[in-house]
Amino acid sequence: GRDPRRSGSLFEHAVIAGLTSVGVQVLRAGIVPTPSLQMAVHDSGAAGGIMITASHNPVEWNALKFIGPDGFFLDERDLEALLDIYNQPDLNYVTEQDFRPVRRAEHVFRRHQERIFAAIDVEAVRAAHFKVAVDCCNGVGALYSRPFLEAMGVEVIPLFDSPDEAFGRPPEPLARNLGALSETVRREHCDVGFAQDPDGDRIAVITETGRPAGVQYSLLPMVEHLLSRQARGKHAVAVANVQTTRAFDLIAEKHGCRVVRTPVGEVNVTAALRAHDAVLGIEGSSGGLIVPSILPCRDSFSAMALMLEMMAFRHLSPEQIFDSLPRLFSAERKVECPSAQTAVDRLRSLAAEYAAKHPDFTDGVRIDFDASSWVLARSSNTEPLLRILAEAETPEKAETLADGISEKLKKAGRSGSKNV
């Protein structure tokens, strides 16, 4: 499968040619959401899957996401094994008579939609007669979001819903990129607004006032909704990565649910979901909701449906829902690092300085200062820098914490340079 990036067809033909040349039977899904393809891999009994997408990254990027037969992305061990195979000299080409014809993977999204509708009260959503603006970023949502929402009786105002065009905004659904959606929600008097990324696994929510909830908070209504209706009590587990807001923990604690934290990355969250038989998982830092009872992967379509179901059940607007949830404030910083070793040395220095706070090393260094304020410093997976995320009960305190840790990491770098 692939998203609609113009380079996608080039990648698709190359991938199909490579797989066909070694005797693989290819099922071509075309342009589909990433979660739809993950479900299709599992349900079809395929040996694996490849999603061609650069997700939330700019249009000039593209990539391959490798999916195992269980529908989950390959973990680090499996990826190492894949690269080992890739680097072997014997490519095992088959003769032309053993080439297998490419087949079409049928109804991939329809089955995805059926799975979601089986898990929610569609009639309650239909009875509410919601009006929704959805910003599809000219990604896969441009093909699927409007009919998906309309099937729930929703009046849809679409934005950037032309998959043949370049992205209509920066593809990551951050608040600063959603001005057109906010304006549309206000102008059209919509009940709520949704923003997706190009491959349809991330979500951001805009309230009826046009206010972006932000990626960290967009998922909290769904968390509250799901945990309030689950009946497993104190035996339930919810999973979040270390970058996710502590407001998630406060909601989970209210419902007697234990929280397990993981390193950043969907593959880490899903691994913990399986290990603990968890009821849900989120990547608050990327707007990714994972509900295993529907699909064991990030899915913007499940998130939209659950948000609408919550609004219908509680007869509350998004503003009222967000006002009823815990609220903390965050600040982010970046510190450039010339090498991976420099990043490691600086993080070690930071951990040593705050040893009395018992730093968490799940992913980078996380320091919890009190019940509501913390800082996480970790190496970027894509750039030569350290990312800093601070959270506190006021914006001012979050900014102060972020600035303080940033300065300490810069100072550690200067000290390290003098020592060398």
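The structure this text deals with has already been given above.
Only a predicted model underlies this, so the values are computations on that prediction, with no experimental measurement involved.

**A short note on the overall build of the chain**
Item 1. A count of helices and strands for the chain gives 15 helices and 17 strands.
Item 2. The C-alpha radius of gyration of the chain comes to 22 Å, within 12% of the 22 Å expected for a compact globule of 420 residues.
Item 3. Along the first, second and third principal axes, the C-alpha atoms of the chain reach 65 × 60 × 45 Å.
Item 4. Here the analysis covers contacts within the chain between residues at least 6 apart in sequence; of these, 66% occur between residues at least 24 apart.
Item 5. About 19000 Å² of surface is accessible on the chain, with carbon and sulfur atoms providing 53% of the total.
Item 6. Taking the average location of the 46 positive side-chain charges in the chain and that of its 56 negative ones, the two points are 3 Å from each other.

**What about helix α2 (residues 34–44)?**
Item 1. Taken across its eleven residues, α2 has eight buried, putting it largely inside the fold.
Item 2. Every buried residue of α2 is listed here: Thr34, Pro35, Ser36, Leu37, Gln38, Met39, Ala40 and Val41.
Item 3. Where α2 is buried, its residues contact β2 (49–52), β3 (64–67), α4 (108–117), α11 (266–276) and β13 (295–298).
Item 4. Once α2 finishes, Gly45 follows within two positions and takes phi at roughly 75 degrees, a positive value.

**A few points about the state of the cysteines**
Item 1. Following the criterion strictly, the structure yields zero disulfides and no others.
Item 2. The thiol of Cys190 is not disulfide-bonded; the next cysteine sulfur, from Cys136, is found 13 Å away.
Item 3. You can call Cys190 buried: its relative accessible area is 4%.
Item 4. Left without a disulfide partner, Cys257 is nearest to the cysteine sulfur of Cys297, which lies 20 Å away.

**A word on the sheet that holds strand β16 (residues 374–379)**
Item 1. A sheet is described by the order of its strands in space; here four strands give the open sequence β14-β17-β16-β15, paired in antiparallel fashion. This sheet does not close on itself; its edge strands, each paired only once, are β14 (329–336) and β15 (365–368). Sheet twist, expressed as the average angle between the axes of neighbouring strands with direction ignored, equals 10 degrees.
Item 2. The pairing of β15 with β16 spans four bridges and is antiparallel. When the sheet's bridge partners are listed, Val365 is paired in β16 with Ala377.
Item 3. Along the sheet face, helix α14 (residues 340–353) touches β14, β15, β16 and β17 (385–392) and points at about 155 degrees away from the line of β16.

**What to know about the packing of aromatic side chains**
Item 1. This model, assessed by the stated rule, comprises six aromatic pairs.
Item 2. Taking 5.4 Å as the distance between ring centres and 85 degrees as the angle between the ring planes, the aromatic pair formed by Phe148 and Phe301 counts as edge-to-face. Here Phe148 is found in helix α6 (residues 141–150), whereas its partner Phe301 is found in helix α12 (residues 300–314), with 153 residues between them in sequence. In this pair, the class of Phe148 matches that of Phe301, namely buried.
Item 3. Pairwise contacts between aromatic rings join Phe109, Phe117, Tyr144, Phe148 and Phe301 into one cluster.
Item 4. In this arrangement the basic side chain of Arg366 is found over the ring face of Trp374, its NZ or CZ atom lying 3.9 Å from the centre.

**Quick notes on the environment of Gly287**
Item 1. Here Gly287 shows up in the loop between β11 (280–283) and β12 (288–291).
Item 2. You can call Gly287 buried: its relative accessible area is 0%.
Item 3. If we skip the residues at most four places from it in the chain, Gly287 touches Asp201, Arg202, Ile203, Val215 and Leu219.

**A short note on the environment of Thr262**
Item 1. Inspection of the secondary structure assignment puts Thr262 in strand β10 (residues 258–262).
Item 2. On the basis of relative accessibility, which here comes to 4%, the residue Thr262 falls in the buried class.
Item 3. The spatial distance from the C-alpha of Thr262 to the C-alpha of Glu283 is 9.6 Å, given a sequence separation of 21 residues.

**Focus on the sheet that holds strand β9 (residues 237–241)**
Item 1. Read across the open sheet, the five strands follow the order β10-β9-β11-β12-β13; overall the sheet is mixed. This sheet does not close on itself; its edge strands, each paired only once, are β10 and β13. Each adjacent strand pair in this sheet contributes to an overall mean axis angle of 15 degrees, direction not counted.
Item 2. Where β9 and β11 come together, three bridges link them in parallel fashion. Bridge pairing in β11 links Ala238 to Leu280.

**Here we look at a nonpolar patch on the surface**
Item 1. Residues Val22, Val24, Leu91 and Tyr93 make up a contiguous nonpolar surface patch of roughly 340 Å² in combined accessible area.
Item 2. Residue position: Leu91 is located in the loop between α3 (76–86) and β4 (103–104).
Item 3. Note on Leu91: relative accessible area 41%, which makes it partly exposed.

**Details of the side chain of Glu224**
Item 1. Counting through the fold element by element, Glu224 comes out in helix α9 (residues 220–229).
Item 2. Separated by 3.4 Å, the side chains of Glu224 and Arg314 make a polar contact.
Item 3. Dropping the residues within four chain positions of it, Glu224 is found in contact with Ile251, Lys254, His255, Met310, Arg314 and Leu325.

Cut-off values and rules
- Residues numbered from 1 in each chain as written.
- Predicted model: local features only at pLDDT ≥ 70, side-chain atom pairs only at ≥ 80, totals over all residues.
- Heavy atoms only, no water.
- Helix = DSSP H or I, 4+ residues; strand = E, 2+ residues; numbered from the N terminus.
- Rg over C-alpha atoms; globule rule 2.2 N^0.38 Å.
- Contact = heavy atoms within 4.5 Å.
- Areas by Shrake-Rupley, 256 points an atom, 1.4 Å probe, with all protein chains shown as cover.
- Lys, Arg positive; Asp, Glu negative; His and termini not counted.
- Charge placed at Lys NZ, Arg CZ, Asp CG, Glu CD.
- Buried < 20%, exposed > 50% of the residue type's maximum accessible area, 1.4 Å probe, protein only.
- Disulfide = S-S within 2.5 Å.
- Pairing = 2+ DSSP bridges.
- Axes fitted to C-alpha atoms, helices over the stretch in contact; angles between N-to-C directions.
- Phe/Tyr/Trp six-rings, centres within 6.5 Å; stacked < 30°, edge-to-face > 60°.
- Lys NZ or Arg CZ within 6 Å of the ring centre and 35° of its normal.
- Patch = residues over 30% accessible without salt bridge, like charges linked within 9 Å, V, L, I, M, F, W, Y side chains within 5 Å.
- Salt bridge = Lys/Arg side-chain N within 4 Å of Asp/Glu carboxyl O.
- Polar contact = N/O pair within 3.5 Å; in protein donor to acceptor, adjacent residues only side chain to side chain.

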